[in-house]
Amino acid sequence: MAILGELGTEILIPVCGVVGIVFAVAQWFIVSKVKVTPGAASAAGGGKNGYGDYLIEEEEGLNDHNVVVKCAEIQTAISEGATSFLFTMYQYVGMFMVVFAAVIFVFLGSIEGFSTKGQPCTYSTGTCKPALYTALFSTASFLLGAITSLVSGFLGMKIATYANARTTLEARKGVGKAFITAFRSGAVMGFLLSSSGLVVLYITINVFKMYYGDDWEGLFESITGYGLGGSSMALFGRVGGGIYTKAADVGADLVGKVERNIPEDDPRNPAVIADNVGDNVGDIAGMGSDLFGSYAESSCAALVVASISSFGINHDFTAMCYPLLVSSVGIIVCLLTTLFATDFFEIKAASEIEPALKKQLIISTALMTIGVAVISWLALPAKFTIFNFGAQKDVSNWGLFFCVAVGLWAGLIIGFVTEYYTSNAYSPVQDVADSCRTGAATNVIFGLALGYKSVIIPIFAIAVSIYVSFSIAAMYGIAMAALGMLSTMATGLAIDAYGPISDNAGGIAEMAGMSHRIRERTDALDAAGNTTAAIGKGFAIGSAALVSLALFGAFVSRAGVKVVDVLSPKVFIGLIVGAMLPYWFSAMTMKSVGSAALKMVEEVRRQFNTIPGLMEGTAKPDYATCVKISTDASIREMIPPGALVMLTPLIVGTLFGVETLSGVLAGALVSGVQIAISASNTGGAWDNAKKYIEAGNSEHARSLGPKGSDCHKAAVIGDTIGDPLKDTSGPSLNILIKLMAVESLVFAPFFATYGGVLFKYI
């Protein structure tokens, strides 16, 4: 037996979750001290956070009252726009949630003809609960996961819009003060999401356990609905938010920067508010729901496999909760890591920002490795068995430690490779910038080549993780490797949310007419955030690959598939169709961005051409119309790609059976990961090549500029092409492969019983 008893487990998990939530609230309280009301910024106080420091505006004789009022007005406009969009989207998503919940209940309940009689257990002796009640509890867990995902995205958006103007105002005191505000705000989102996800999942397990009792097989089968609910909401958040933000971004860039030669975030640009709103609904709300879905799915995959292993058969509660214990340790490790950025060290120069963010990743990974070793020793028996496709595989507690550790360090490798290919501090992006000398065409060619090349090392890292973890602990090992990659999710989300917050801070500084020195500081924050956002996408895609494979293994186990034979026609047709799906999905999302951007460009041009005094700054643009265009387009265009992902497993499983569906899942996983990595890195490289030219921080960069030069215009075109790749199609693909896998797992009993209708008659 493990050293840590059941009582210790029941105390440790919720306590760690509550500590994370309390820490998030404490960080929010500190951020809230930065007031967006006139006069509060100069309040006395002192201390590390800069209260009482004199302001640049005071030094330059600018009016502090007007600056603060403008910042508050812009923040309100961004917050109201983001809230309005999410509420509109949630109305449509809510209707889908109710309909799909009914589908889950009907499909799973029909397996035994809606019988209320107990059934023999599949993997253990005794009688298990009726399929009807498993259908009911699966439906409840689906709704719970969906609601948690929506709340996570909404809270993340509200936190970001609360913090952006405060980051701008703190930039008047120094880049270090602004960095702390932005990072603390990101930490609020990171800890709230990771901690609440852990607490809700733990409470759900214990509530369901009151009914299921000793039937852990049925208990954890019903828990899989939690991951399905979280990921399905993430899909709509990612796709809808991505279409919204990129439609506004493309419209603002093509007309404002290229045609009118005005700065980014210039208040004269009609699309500027919609552009800043998009950062929050796409990169904040969408990313939050995405990583919550990954966490829920990897935990559910591990729990399903463990329930039919010795942990579940012997009713070892502590060992069964090992995935949740790893996440609990991750919260404490991330808490300590965050203090390094906000309290133990102080940023004094812009050049220190990016290294500080990268140190967060390194420190959290190193500390988490120690934490995983300790919890593996305390929570796991020295020897146990893990289910392995019909057999039980002998595993040691140190074996599982290596599974988690290999995923943890593979995530760090993927993150730094992503940074190398997307940061303008390194030669790949500088080469892309240099290619702009000969126009947009060569810029596009170099960017595509960079994206394809950037796939190589991450795929090898994922491959090594799969081989090591599967060799040690079969599919359970892969699920734990995925969870290892996500164990420092609170830090990852803090870093990822920091990017859009600092980007918005720069936009607010521009729109509020703040001094050039302030904009230089916010640009420095934004440049580092742009790179770390790409690192976050790399983490999300890498974890999605492992999560999908773990879910795939759980699916074939639940569906009773012993071997997936690629030479079988049923499997092979699934492979090629599955490999095609990411291309189909990408085409739909990119065309959606293009259609919405076309309307945005036309509207921005119309306003510049018809509103007298707009270019001169004597008249205000109509921001509301541009916000409405992005909102309407994203709501309308998110439905077809969402339907493609949600309906494919149901149609294939019902009509063609579990073997063909196995091929579809494998094909989508293999091609989807490659496309997602290359698309995200290509778009990130084009974006930072443009920023490299605009910043002009080196002799080489200055030779390509300044803003408005032919070289810069070519870079802007590349950045515009890359926008839907890095912020819509690429990030959404990791949800596609995860969502199809977890949906197949939830419906596996139905497909095993009734699937393959066409093949029965052909």
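The structure we're discussing is the one just above.
Residues numbered from 1 in each chain as written. Predicted model: local features only at pLDDT ≥ 70, side-chain atom pairs only at ≥ 80, totals over all residues. Heavy atoms only, no water.

> Would you mind going over the overall build of the protein chain with me for this structure?
Looking only at helices and strands, the protein chain features 25 helices and four strands. Taken over C-alpha atoms, the radius of gyration comes to 25 Å for the protein chain, in line with the 27 Å a tight globule of 762 residues would show. Overall, the C-alpha framework of the protein chain stretches about 80 × 60 × 45 Å when taken along its three principal axes. For the protein chain, with 762 residues in total, the buried portion stands at 64%. In the protein chain, of all internal contacts separated by at least 6 residues, the share reaching a separation of at least 24 is 84%. Total accessible area on the protein chain stands at roughly 25,500 Å², and carbon and sulfur atoms take up 66% of it. (Helix = DSSP H or I, 4+ residues; strand = E, 2+ residues; numbered from the N terminus. Rg over C-alpha atoms; globule rule 2.2 N^0.38 Å. Buried < 20%, exposed > 50% of the residue type's maximum accessible area, 1.4 Å probe, protein only. Contact = heavy atoms within 4.5 Å. Areas by Shrake-Rupley, 256 points an atom, 1.4 Å probe, with all protein chains shown as cover.)

> Would you take a moment to explain the nonpolar core for this structure?
A general feature of soluble globular proteins is that nonpolar side chains tend to end up buried together. Phe 179, Tyr 322, Ile 353, Leu 400, Tyr 476 and Phe 555 are the most contacted members of the largest nonpolar core, which totals 224 residues. Sequence-distant contacts of Ile 353, that is, excluding residues within four places in its chain, are made with Val 175, Phe 179, Ile 347, Tyr 498, Ala 524, Leu 525 and Ala 528. Listed in part, the 19 residues of the second largest apolar core include Val 432, Leu 450, Cys 711 and Leu 725. (Core = buried A, V, L, I, M, F, W, Y, C linked by side-chain atoms within 4.5 Å.)

> For this particular structure, what's the right way to read the side chain of Ser 454?
Along the chain, Ser 454 turns up in the loop between helix 14 (440–453) and helix 15 (456–486). If we skip the residues at most four places from it in the chain, Ser 454 touches Val 417, Tyr 421, Ile 677, Ser 678 and Asn 681.

> What is the right way to read the packing of helix 14 against helix 21 (residues 658–695) from this model?
Angle between the axes and distance between the axes: these two values describe a pair of packed helices. Helix 21 packs onto helix 14 with a crossing angle of 135° between their chain directions and a minimal axis gap of 8 Å. Considered as vectors, helix 14 and helix 21 are oriented oblique to each other. With respect to the hand of their crossing, helix 14 and helix 21 are arranged in right-handed fashion. Along its contact with helix 14, which presents Asn 443, Val 444, Gly 447, Leu 448, Leu 450, Gly 451 and Tyr 452, the element helix 21 presents Ser 678, Asn 681, Thr 682, Ala 685 and Trp 686. (Axes fitted to C-alpha atoms, helices over the stretch in contact; angles between N-to-C directions. Parallel < 35°, antiparallel > 145°, perpendicular 65-115°, else oblique. Left-handed = near helix turned anticlockwise from the far one by under 90°.)

> Teacher, can you tell me more about the pairing of strand 4 (residues 391–396) here?
Of the pairings in the sheet, the one linking strand 3 (residues 383–388) to strand 4 comprises six bridges and is antiparallel in character. Its bridge partner lying in strand 4, Ile 386 is registered against Lys 393. Here strand 3 hands over to strand 4 after two residues, with Phe 389 in that stretch at a positive phi of 50°. (Pairing = 2+ DSSP bridges.)

> So what exactly am I meant to see when it comes to the pattern of salt bridges here?
Side chains that differ in charge, positive against negative, can pair when their charged atoms come close. Summed over all chains, the structure comprises 26 salt bridges. Here Asp 719 and Lys 690 are joined by a salt bridge, their closest N and O atoms 2.9 Å apart. Taken together, the residues Asp 719 in helix 23 (residues 710–746) and Lys 690 in helix 21 connect sequence positions 29 residues apart. Note on Lys 690: relative accessible area 2%, which makes it buried. One continuous salt-bridge network, built from bridges that share partners, spans Lys 246, Asp 249, Asp 687, Lys 690, Lys 691, Asp 719, Asp 723, Lys 726 and Asp 727. (Salt bridge = Lys/Arg side-chain N within 4 Å of Asp/Glu carboxyl O.)

> Would you take a moment to explain helix 13 (residues 427–434) for this structure?
In an α-helix there are 3.6 residues to a turn, and that puts residues three or four apart on one side. Listed in full, the buried residues belonging to helix 13 are Pro 428, Val 429, Val 432 and Ala 433. The buried residues of helix 13 occupy an angular sector of 140° when the element is viewed end-on, so they sit on one face. In this fold, the buried residues of helix 13 make contact with helix 12 (397–422), helix 14, helix 21 and helix 22 (699–704). (Arc of directions from axis to C-beta.)

> Would you mind going over the packing of aromatic side chains with me for this structure?
What characterises a pair of aromatic rings is the spacing of the ring centres plus the angle enclosed by the ring planes. One pass over the structure, following the stated rule, counts 33 aromatic pairs. Pairing Tyr 133 with Tyr 211 gives two aromatic rings, centres 5.5 Å apart and planes at 45°, and the pair type is tilted. Here Tyr 211 lies in helix 5 (residues 175–212) and Tyr 133 lies in helix 4 (residues 131–170), a separation of 78 residues in the sequence. Aromatic pair Phe 750 and Tyr 754: ring centres 5.3 Å apart, planes at 50°, arrangement tilted. One end of the pair is Phe 750 and the other is Tyr 754, both in helix 24 (residues 748–754) and four residues apart, which spans about a single turn. (Phe/Tyr/Trp six-rings, centres within 6.5 Å; stacked < 30°, edge-to-face > 60°.)

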